[in-house]
Amino acid sequence: MAEDRKCTPAIADHPAGEALWRSPEDLAGEEQARRFLEGEFPEPAAPEAVDRRGLLGRMAASLALAGLGGCAVNRQPWGAPLLSHPRLPPLHTPGVPLRFATSLELDGLGRGMLVESTDGRPVKIEGNPLHPASLGGTDAFAQAEVLSLYDPDRSDAPSASGARMSWADAWRVVNDLGQQARSSGGAGLYVLLEPRASPTVDRLVARARLLLPEARWFTHAPLATGTAHAASRTVFGRPLDQVLDLTAADVIVTLGGDLLCSGAAAIRYAADFAQRRRAPDRPLPRLYAAESTPSLTGARADLRLMAPPRTVEAAARQILAFLRGPTATTGQLAFAQAAAADLRRAGARGVVAAGREQPRDVQAIANAINGELGAAGVTMRYIEPVIALEDPPMGSLASLAEAIAAGRVRALLILGGNPAYDAPGDLDFSNLLSRVPMSMHIGTYQDETAILCRWHLPARHALESWGDLRAFDGTAGLRQPATVPLIQATAIEELLARVIGEPGDAHALVQATWREDWGDRFEALWLKSLEDGVIAGSAYPPVAVAAPSGWRPGSAEAGGAPSGQTVVFAPDPSVWDGRFANNGWLQELPKPLTKQVWGNAALMAPATAAAFGLRTGDMALFTHGGLSVEAPVWLLPGHAPDVTTMTLGFGRRAAGRIGSRRGFDAYQLRSSEQPWAIEGVTIIATGRRQELVSTQHHHSMEGRDIVRVAAAAAPPPPHEPETRLPSMYPEYVYDGNAWGMAIDLDLCLGCNACVIACQAENNVPIVGPDEVARGREMHWLRIDRYFAGPLAAPETYFQPVLCMHCEKAPCEVVCPVNATVHSSEGLNEMTYSRCVGTRTCSNNCPYKVRRFNWFNYGQRPFSAPDEVYNPEVTVRWRGVIEKCTYCVHRIGAARIAAGMENRPIRDGELMTACQQACPTRAIVFGNINDPGSAVADRKASPRNYALLGELNTRPRTTYLARLSQKPPLRRAGGGDDDTG
Amino acid sequence: MTTPAETSASEVASIPLSPEFGWGWLLALAASAFMVLVLAYSIGALVFIGVGVWGTNVPFVWGFDLTNYVWWIGIANGSTLFAAILVLRRHSLRTAINRFAEGLALFAVICAGIFPIFHLGRPWLFYWMFPYPATFEVWPQFRSPLTWDFWAIITHLIVTTMLWYVGLIPDLATLRDRARPLAAKRVFAAFALGWRGSLRHWALHQRAYRLVAVAVIPIALVIQSTVAFEFSVTLVPDWHETRLPLHYVVSGLESGLALILLAAAILRGSLRLERYISVEDLDLIGKLLLANSLVVGYVHMGEIGSALLAGSYTQTATINRLVGDYAGLYWGAIALTVLLPQALWSPSVRASNPGCILIGLGVTAGVWLDRLSIVVGGLQRDYLPSMWRMYAPTQPEWYLYLGTIGLFAALFLLFVRYLPVISMSETRHDEHREARS
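An account of the accompanying structure is given in this report. (Residues numbered from 1 in each chain as written. Chains lettered and ligands numbered in written order. Predicted model: local features only at pLDDT ≥ 70, side-chain atom pairs only at ≥ 80, totals over all residues. Heavy atoms only, no water.)

The next point concerns the sheet that holds strand β26 (residues 739-744) of chain A. Residue and element names in this part refer to chain A. Taken in spatial order, the four strands of this open sheet run β33-β26-β35-β34, and their pairing is mixed. Two strands lie at the open edges of the sheet, namely β33 (923-927) and β34 (944-945), each paired on one side alone. Looking at chain direction, β26 and strand β35 (residues 957-960) are connected through four bridges and run parallel. When the bridges of β35 are listed, Met 741 appears paired with Thr 957. (Pairing = 2+ DSSP bridges. Helix = DSSP H or I, 4+ residues; strand = E, 2+ residues; numbered from the N terminus.)

As C-alpha cells, then:
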C-alpha cells in the first residue's frame, strides 16, 4: 500500500500528452484508481454506514464527557463539585426562596435578619420578627448587605506586599506566626480587634490570652469610644449598658445621638416608639431632643434644642438640677425647663438617653436623671456590657500607635476593621503601620489597611460565614451562611484558632462555643436556634443598681460659651463609618436630611455659613491643632449655630470602584483625644467649589397641602370622604381584591429603610453621580423632605412618595401605545415590553414617580452585579419607563399560595417590600375592598388624606396626617434663642 | 418670436436647467451637507447609546425634542396656510411666493417628523403608534394626544405634499419639454403625469389645486391645535390651558410668515429674481407679519391675564415662567416675536432685503424661544416642590437641532437648483393678463 500512496503505476507509466483522459478511472482503469483513492482518503472513499442509533449514541457520549469537564473538583473555590441534585434537598423547590435566619453586625452588635435565598443565591434581606433588635424591621444597611456580598471588588485571594499568593503560602505564614508566638508566649505579638459581641470570638480570645500571655491586645472601632461605660463607672462604680423600653415611656429626652434611626438598637427603638405612639387610650409621648447636629430623632421631636455641644451639656445639667430641686437661677434654657417639667410629671415613665458622641459627663448626667426618675425597671434597664470588657482591658488604638512608634511591635494582627483609614488624623496610623516588620490584615476588601500590611487575607462576607453575635440587649443570635462561599476566604475565628494552634473551621468553632454552654441539650438547641436566629432566653438580665441620688455631676470643666467654631463628627447615614462605601445602593441613597448622594459635606447653619461668606458647594479649609481638611459646605436649615457637622466614612482611598475618592475624609481632622467634637476650629473659604449631588433641590412646600399636620390636642376633624369629582370615564368595578396603601406620616421617621428595600426587591438600577446630578435617579420610592418655619429652627417633614396607583390615573390615558394600563385589582401596571419611551406618562404624573431608563443602566460602570437581581422581577432595558408596582410579583405569589388552598388572600399575609422593611410600620398595604383589613382601617381614620386629591386622580396610596404637639414652654422662634 | 411672458418663464426655467449654478450655491450646499452629517451622527448616538445623551430628566422628560418639533410644525403650518390662502384668494403674491412657501412647508414637516420618532426611548418601535392588526391584538391608545398627533403629522405630510406637487405639475411639464439630458427628461416626464396643457387639464388642475388649498386651511389649524393638545391635555399646571391651541396657531403662522419673508429676501438677492419677487411682494408679507405679531402680542397678554386669574398651581407655574430661571426665554420670545416686527411699520424696512432677512431670522428664533419657554419653563413648577429641578440641553441636543436646520437648508438648496422656484405657469398667466390689458 505504501507505493500505492505515492502514485499509481498506471498513471506514472503513461507518457505525458499521449492520450487525453477525463479522469483517473479512465486513465488507470477503475479498480486501480479506486484502490489509490481508498489509500489516500480512507473514509470518503468508503464511508462506513453510520446508523441513527450509533450517531445518537456517540453524540450522547460526547456531551456527557463535555459535561464531566465541568465537574473538576479543584476548580471550585468551595472545594466540592457543584453537581445538580438528582433528588432535591429537603424543603428546596427550584425557584422558591429559602429563608435563613442570621445576624448582621453594626457597632459590634447583632441584628437578626432573614436572608432570602433563591436557588442558593441570596437576593433579599428581611428583618427577623423573633429577634429583639429587629422585630421584623430593617434599616438601609441591613438591606444593602446583599449587594456587598456580590461586590466584584471584594478581596478574593491572600496577598503579600501587594502580590497575590496561594492559600498554602498564606497558611504556612500564619502557622509559623502562631508557632513562634506560642513558643515565645506571644512576646512581640500585637493583635488589633474590632469590639464585637461574639461569644465565639470572645472564647478564642480568652484562650489566646491564656496561651500567649505576653501578647498585647487592642480594640478599635471609629464609632466606639467607651464613654458610656466610663459614665456608668462614674455613677454606679461599674460599667453597664442601658436598654430602653420606649413602649412604656411617656416622656423621652435625647441628648445628642440619633436614638431612633442610628445604631445597633435603632430599629427596635423606632418600632417601640411607633408602638407607643399608636398605643390606644394614652396621650402621645413627648419627645425632646437636644443636639448639635440635626438627627432624624431631632426632626421628629416635639421640642428640639439645636445648640453647640456645651449648651447641650448645660441643658443636661439644668434638667438634673430641676429634678433635684427648684433651683431657679437665671439664664435657664427654655428647653431644659420644659423637658424637666415634663419629666417630673412623667416620673418613672420618663427616660433620658445620651448619644454615643456625648462626653462622659453628659452620659453620667443622663444616668443620674434616669435614677432620679426611677426609670430603671420601667422605661429602661441596666445590663452587663454586651461587648465584653476584657480583663485586663484591651488597649486603645492610640496605645498601639505608641507601641509601634516605640518599635516594640514585631508582629501585628489586624482582625477586621480598617484603622489605616479610620484612625484619628493625629495618630498618623498609616505611616506607623507601614513600619511594622510583620503585619497581617484580614478583611473583606483590599482596603487602605490591607495595602499597608505585609499580608492580607480575604475574609468571608457575613452572608457566607458562621458566627454568633449578641444584640444590644444581650440576646445571642447565630450567624449562618445563606450561600456557599463565593470566593475562597477565611474568617477571624479561623485565623485566631490557627494562631493558638487549635485550627478548625468557623462552623466547628461556633458549635464548640455553644456545646460548652449547652452540654447535652446541644443538638436540639442548635437546630432550634439556627432556625429562629435567636437563642431563646439569652438576653441579659437587668442589673439592680443603687439609685445614684448622691452623685453630683460637678461643675462644667470649662464654663461659658465656646470660643470660635466647633466641629462635630457623626456617622454617615449612608456609609456609616466607611465600611459601606463601596455599596452602590448606599452611595446613591439620599441622606435623610440633605438628600445628598455620592459624597458628604460639612453641614452648617445658613447663618453661620453666611458669616464666612460660604454657600452650598463652596470649599472651606477646616484647621485644628495641626490637622486640617478641605471640605465642601452644605447649608442645612436648623443646624446648630457655630457648629459644623462632618459625617465620617467618605474620602476613602481604596474602597473599590464605587467608593474610592468620594466626598472628603473627616477622620483627618479627628483627634484621638476628642473624637467627637473639637472646639476652636479655624474655617477659611478657599474659593474653590465642588458640585454636590442631591436629589431634592427645593425644600419648602410653598404653602401647598402636601404633608398635612394635625394638632394632637385638637378634636379630630370628621373623616374626609374620598374626593370624587366628575370624570369623563366610567368607574372601574372590583369584585375581588382592590389593593391600596396607607402611609402614616406620624410614624415615618425618614430613615430610608424602605428606599433600599424597594431597590433590592425590584432590581432598581444604580445610575452613578453624574446621572443623579442630571436628575435621573431611578428610585421607585423616594422620601420627600420638606422644611417649614424659620430657617434657624424649622420643622422637618418626611413623606415617602411612590406610585399612587391612581383610580383615574393620568398616565394611562396619555400613553399612545397602551403600555401602562389599569389592572382588574386596581393596580396601575407598566408593561415594559410595550413601552416605546415617549415619556409622556411621566409628564402627566403629578407625583413624578415614573422613572425612565435613559441608558442601559444594567450595563454601566456603577451597575449592580447580575447575581443580586431578584429573579421574580424583570430587569428593565434602555428606553422604557418604570415605576413602583406595589410589588406585583409578591401579590402574584400570594394569589397562587391562596389559590392552592382555595381561600382568599388573608390580610397581612402579603407585604410590599417597603412595608416589610419599615421599622415603625408606617406603611400598611392590603385589600381596601375588605372592610376588616388593616389598610381599610387606616383609610377610615380622620387623618387619612389623598396627596393632590383635588386633581381627581383618586390615588390608592393615601397618607395619614402627622400629629404635632407643642410643649407649653415653647417660646417663639423655637430653640434658637436658647443658644444665645 | 417670443412673447415677454415666454422670456420670463424661460428665465425661471433656466435656473433648474442650467448645468452651472455658481460657487455660492455649492458652498452653501456643502455647509448644509455637513450639517446633515451632524444630524446623522446625533441620530446614531440616540439609537446606539440612548436618549440619555440628552440633558433631559424627570420631570423634564422633554427638552429640545418637543421644542424643535413644535417649532418646525409651526413653520410648516404657517407656510402652508399662507400658501393655501394665496391660492384661494388668487392673490397676485401667489405667483412669487407660493411655490417656495409650499416647499418650505414640506421641508419643515420632514424636519419636524424626525423629532417624534427619535425622541422615543426605543425609536425602532415607532410604528406601534400605527393601528395595525398586531397578533397580540393591542391597539394604540386612542385617548392619547400623542396618538392624535401621530395622525396629525401623517395628514400634514400628505396634504403639504399634495399642495406643493399639484401646483408643480404644469411646471414639471415645462421642464420635461426643455430638459436636454434624456435622464432628466424622463424624471420630469414621470412626475408631470402626462401633462399636455390642454384646456381640460388646466380646468381640472385649477379645481384640484384649489380643492387641496381649501383642505389645507382647516387641517393646518387642526394640526397645530393637535400639537398643542400634547401639552394642554396633560395635568401640568402651565400647560393645562385652553388658550394653548390658539397660541400655537398664531405663533406658528408667525414663524411661517417670517420664514417666507426670510426666504423671499434671500432668493431675491441671490437668484436675481427681483423681477418676480418684487418690493411690493416683500411689502405685503411684511405687513402681514406685522399684523400677525400684534395678534401674538395680544395672545401673550391674554396668557398673563389668564395666569393671574387662574388657580394657584397654574398661577405659580405661569408666573414662574415669566420671572423664574427660564424667564429669559419668555422675554426673549416677546422681544423677537412681538417687539422686533414693529420695525415693519416703516416702509423702508419692508422694502430692504437686509431688513427683511434680519426680521425673518429674529422672529423665527423668537418663536423657537417661545416653544422652549413653554416646553421647559412650563414644567419647572408643577405640583410637588420636591421634584422641582432644572434642565439644560447637552451638545447632542444642539447637534440634532442644528442638524435639522442643515437638512432643511439642504433640501431647500436642492429645490431651488432642480425645480422652478417660482411658478412658471402662474407667472406666464399673470404676464399674459398684463400683456392683454
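Now for the interface of chain B and chain A. Interface size is often expressed as the accessible area that is lost when the parts come together. In this complex, chain B contributes 52 residues to the contact, which on the side of chain A involves 54 residues. Interface area, chain B with chain A, both sides summed: about 4500 Å², of which 55% is carbon and sulfur. Three residues, Arg122(B), Arg143(B) and Leu384(B), lead the burial of chain B against chain A; their summed loss comes to 15% of the area buried on that side. At the boundary of chain B with chain A, the tally comes to three salt bridges. Of the charged contacts in the structure, one is a salt bridge between Arg389(B) and Glu777(A), with a shortest N-O distance of 2.6 Å. (Contact = heavy atoms within 4.5 Å. Buried area = accessible area lost by both parts, 1.4 Å probe. Salt bridge = Lys/Arg side-chain N within 4 Å of Asp/Glu carboxyl O.)

Residue and element names in this part refer to chain A. Running from N to C, helix α10 (residues 227-236) and helix α15 (residues 360-373) point in directions that differ by 55°, and their axes come no closer than 8 Å. Relative to α15, the element α10 lies oblique. When the axes of α10 and α15 are compared, the crossing they make is right-handed. Contacts between α10 and α15 involve Thr 227, Ala 228, Ala 230, Ala 231, Ser 232, Thr 234, Val 235 and Phe 236 from the former and Arg 360, Gln 363, Ala 364 and Asn 367 from the latter. Here the contact of α10 with α15 is composed, by residue class, of six nonpolar, five polar and one charged. (Axes fitted to C-alpha atoms, helices over the stretch in contact; angles between N-to-C directions. Parallel < 35°, antiparallel > 145°, perpendicular 65-115°, else oblique. Left-handed = near helix turned anticlockwise from the far one by under 90°. Nonpolar A, V, L, I, M, F, W, Y, C, P; charged D, E, K, R; others polar.)

Turning our eyes to something else, we now look at the nonpolar core. Counting 257 residues, the largest nonpolar core has Phe622(A), Met646(A), Ile97(B) and Phe100(B) as its most contacted members. At 15 residues, helix α3 (residues 64-89) of chain B tops the list of elements feeding residues into this core. Setting aside anything within four residues of it in sequence, one finds Phe100(B) in contact with Ile260(B), Ala263(B), Ala264(B), Leu267(B), Ile277(B), Phe412(B), Phe415(B) and Val421(B). Core analysis: the next-biggest nonpolar cluster, separate from the first, contains 66 residues, Leu260(A), Leu287(A), Ala301(A) and Ala340(A) among them. (Core = buried A, V, L, I, M, F, W, Y, C linked by side-chain atoms within 4.5 Å. Buried < 20%, exposed > 50% of the residue type's maximum accessible area, 1.4 Å probe, protein only.)

What follows is about the state of the cysteines. Residue and element names in this part refer to chain A. Applying the stated criterion across every chain, the model contains zero disulfides over all chains. The closest cysteine sulfur to the non-disulfide-bonded Cys 748 is located on Cys 754, 6.5 Å from its own sulfur. Note on Cys 803: no disulfide assigned, nearest cysteine sulfur contributed by Cys 884 at a separation of 5.5 Å. On the basis of relative accessible area, Cys 803 is assigned to the buried category, the value being 6%. (Disulfide = S-S within 2.5 Å.)

Take the pairing of strand β28 (residues 795-801) of chain A next. Residue and element names in this part refer to chain A. Within β28, seven of the seven residues are buried, leaving the element largely enclosed by the surrounding structure. The side-chain alternation of β28 yields two buried faces, one formed by Glu 795, Tyr 797, Gln 799 and Val 801 and the other by Thr 796, Phe 798 and Pro 800. As judged from the seven bridges shared by strand β27 (residues 782-788) and β28, these two strands associate in the antiparallel manner. Looking at the pairing, Tyr 786 lines up with Tyr 797 of β28.

Residues and elements named next belong to chain B. Relative to the helices and strands, Phe 150 is located in helix α5 (residues 145-178). A residue is classified by how much of its surface remains accessible, and Phe 150, at 14% relative accessible area, is buried. Counting along the chain gives 20 residues from Phe 150 to Phe 130, while the straight-line C-alpha distance between them is 8.1 Å. Once residues within four sequence positions are removed from consideration, Phe 150 is found in contact with Met 129 and Phe 130.

Okay, a nonpolar patch on the surface next. Residue and element names in this part refer to chain B. Side chains of Phe 130, Trp 139, Phe 142, Trp 151, Ile 154, Ile 158 and Met 162 sit close together on the surface and give an oily, nonpolar patch of about 670 Å² of accessible area. Tracing the backbone shows Phe 130 in the loop between α4 (93-118) and α5. On the accessibility criterion, Phe 130 (38% relative accessible area) is partly exposed. (Patch = residues over 30% accessible without salt bridge, like charges linked within 9 Å, V, L, I, M, F, W, Y side chains within 5 Å. Areas by Shrake-Rupley, 256 points an atom, 1.4 Å probe, with all protein chains shown as cover.)

To continue, consider the pattern of salt bridges. Residue and element names in this part refer to chain A. For the structure on display, the rule yields 66 salt bridges over all chains. Between Arg 776 and Glu 771 there is a salt bridge, and its shortest N-O distance comes to 3.2 Å. Judged by relative accessible area, Arg 776 falls into the buried class, the value being 1%. Salt-bridge contacts for Glu 909 lead to Arg 903; the nearest nitrogen and oxygen are separated by 2.9 Å. On the basis of relative accessible area, Glu 909 is assigned to the partly exposed category, the value being 31%. Sharing partners across several salt bridges, the network here consists of Arg 277, Arg 278, Arg 300, Asp 744, Asp 746 and Arg 943.

For the rest of this paragraph, the subject is unusual backbone geometry. In this structure, the amide linkage connecting Val58(B) to the following residue, Pro59(B), adopts the cis form with an omega of 10°. Within the secondary structure, Pro59(B) is located in the loop between α2 (23-48) and α3. Phi is positive for Trp576(A), close to 60°, though the residue is something other than glycine. Within the secondary structure, Trp576(A) sits in the loop between β19 (565-570) and α23 (584-587). Its identity as a non-glycine residue notwithstanding, Asn818(A) has a phi of 65°, on the positive side.

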